[in-house]
Amino acid sequence: MLEKIKLLEKKYSEQYKRIDEIAFENQVKVMNAFRKHRVSDAMFTLSSGYGYGDLGRDVADLLYADVFECESAFVRHNIVSGTHALTIALFGLLRPGDTMLSVGGKPYDTLDEVIGFSGQEGNGSLKDFGISYDQVELKEGKIDFEAVKEKMTPRTKVVYIQRSKGYSTRRTLSSAEIGELVKFVKSIGNAYVVVDNCYGEFVETHEPTYYGADICVGSLIKNPGGGMAESGGYIAGTKKAVELCSYRLTSPGIGIECGASLGQSKNIIKGLFYAPHTTAQALKTAVLAAGLFKDMGFKVNPMPDEQRFDIIQTVSLDSPEQICAFCRGIQKGSPVDSHVTPEPWDMPGYSSQVIMAAGTFVQGASIELSADAPIREPYTVYLQGGLTYESGKIGLIEAAKSVKEKMPG
Ligand SMILES: *Cc1c(COP(=O)(O)O)cnc(C)c1O
């Protein structure tokens, strides 16, 4: 197996090199921001209570705005997940009578109850507040501009796009493609373009905010937390849109002026420092996974030598047993809970049973090596993360061995 891996590393050396170059370019951006805002250890102290004048929290916001090349941002440890951050953004921008138009097909599963597709009436979804929803499918994996134009009305306040494929088999969109959408939307009306940026951060040299997206949203237990943040989420974008979101984060009139950091600023700032590198480790792990499982005869997406726009690697296996074997192999090759056997379960917010492997230091952190799969055809496993390429490789060796045992012949 190690010989085989060496050959793959040689075969895809151009891809590895490209990943390193992107990481370097992003690291330059991060270092410039750190210098500009004079990050110093006095900022790493904790604040309590209201958290007025918390320097660490404030500087983390400024660093995010700079690195995302936009006007404004906030990043908070008490945003509990990506879904929470997206909810803050949607409720921050949308008002009764408005429409949210998703232009990348149906958003990530956990937004069903936020938008109001499922769940109880009266639970406080957008639908409950009289906010309607419409959707445009991708056309051959690309944004269907004609259809977007047809569906946009004067009530369309948010045009919503998910950069990463999430739990689907669609294409992941590049920041530049989202930039095209921004230009198009702004030429028609003045809707905000909101991007679910989960898994996309630091995979390219610019985020969608660089191309004018009003809002980018993500989770700190994915790429931008660099494997260092204990929890949290961020919202970055234009001054006006971020300000509106900040009033939903706390309350109107307070926004980002308050919020005790409870000692989490150091992890968040250190995580941003690590993020370009950690993301590169995850990408290299993904390239190796693609090469390894492609050679075993499985369908992989993206292909090992394809340009990447997020850290997700999918492998389409042949059966639920192989899915379980894959996830159990990843779990076995993890630094934490390597002795645990993952089982499929009914995860809140997801519509079919899901199996997850996550032997992670931070619970559920998918910038750490993790694999998950809804137990439904086409038996696709979603692999992401790897804090270090070396440990990612070890996880993949276990996964490949484990799947081999479930292959016929
Ligand atoms: C992870 C993710 C989310 C948010 O998921 P949480 O589990 O709530 O953090 C949303 N969209 C996409 C594409 C994601 O990958």
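Everything below is about the structure printed above this text.
Please read all numbers here as calculations on a predicted model, not as lab measurements.

Asks: It is not clear to me how the pattern of salt bridges should be interpreted in this structure. Could you clarify?
Replies: Pairing between side chains becomes possible if they bear opposite charge and their charged atoms approach one another. Throughout the structure, instances matching the rule amount to 22 salt bridges. Between D66 and K36 there is a salt bridge; the shortest N-O distance is 3.0 Å. Taken together, the residues D66 in helix α3 (residues 55-67) and K36 in helix α2 (residues 13-36) connect sequence positions 30 residues apart. With its nearest N and O atoms 2.9 Å apart, the salt bridge here joins E204 to R163. In this pair, E204 is assigned in the loop between β5 (192-196) and β6 (215-219) and R163 in the loop between β4 (156-162) and α7 (175-188), connecting sequence segments 41 residues apart. Like E204, the residue R163 is buried in the burial classification. Each of the salt bridges in this network shares a partner with another, and the network as a whole consists of D98, R155 and K157.

Asks: Sorry, what's going on with unusual backbone geometry here?
Replies: A negative phi holds for most residues other than glycine; trans holds for most peptide bonds. For the peptide bond that leads from N301 to P302, omega is -5°, which places it in the cis range. Positionally, P302 belongs in the loop between β8 (299-301) and β9 (313-316). Omega for the bond connecting E377 with P378 falls within 30 degrees of zero, at 5°, which places this linkage in the cis form. One non-glycine residue with positive phi stands out, namely E69, at about 55°. Assignment of secondary structure puts E69 in the loop between α3 and β1 (72-76). The class of E69 is partly exposed, set by a relative accessible area of 27%. In this structure, L262 is a non-glycine residue whose phi angle is positive, near 50°. On the secondary structure map, L262 appears in the loop between α8 (239-249) and α9 (265-295).

Asks: Any chance you could explain the environment of V114 here in plain terms?
Replies: The residue V114 is located in helix α5 (residues 112-115) in this model. Given a relative accessible area of 10%, V114 falls into the buried group. For the pair V114 and F44, spaced 70 residues apart in sequence, the C-alpha separation works out to 34 Å.

Asks: Hey, could you run me through the packing of aromatic side chains in this one?
Replies: The description of an aromatic ring pair uses the distance of the two centres, along with the angle that the planes make with each other. For the structure shown, the criterion picks out 14 aromatic pairs. Here Y16 and Y389 contribute two aromatic rings whose centre-to-centre distance is 5.6 Å and whose plane-to-plane angle is 75°, an arrangement assigned as edge-to-face. Of this pair, Y16 sits in helix α2 while Y389 sits in helix α11 (residues 389-404), placing them 373 residues apart in sequence. Each member of the pair, Y16 together with Y389, is buried.

The rules behind each value
- Residues numbered from 1 in each chain as written.
- Predicted model: local features only at pLDDT ≥ 70, side-chain atom pairs only at ≥ 80, totals over all residues.
- Heavy atoms only, no water.
- Salt bridge = Lys/Arg side-chain N within 4 Å of Asp/Glu carboxyl O.
- Helix = DSSP H or I, 4+ residues; strand = E, 2+ residues; numbered from the N terminus.
- Buried < 20%, exposed > 50% of the residue type's maximum accessible area, 1.4 Å probe, protein only.
- Phe/Tyr/Trp six-rings, centres within 6.5 Å; stacked < 30°, edge-to-face > 60°.

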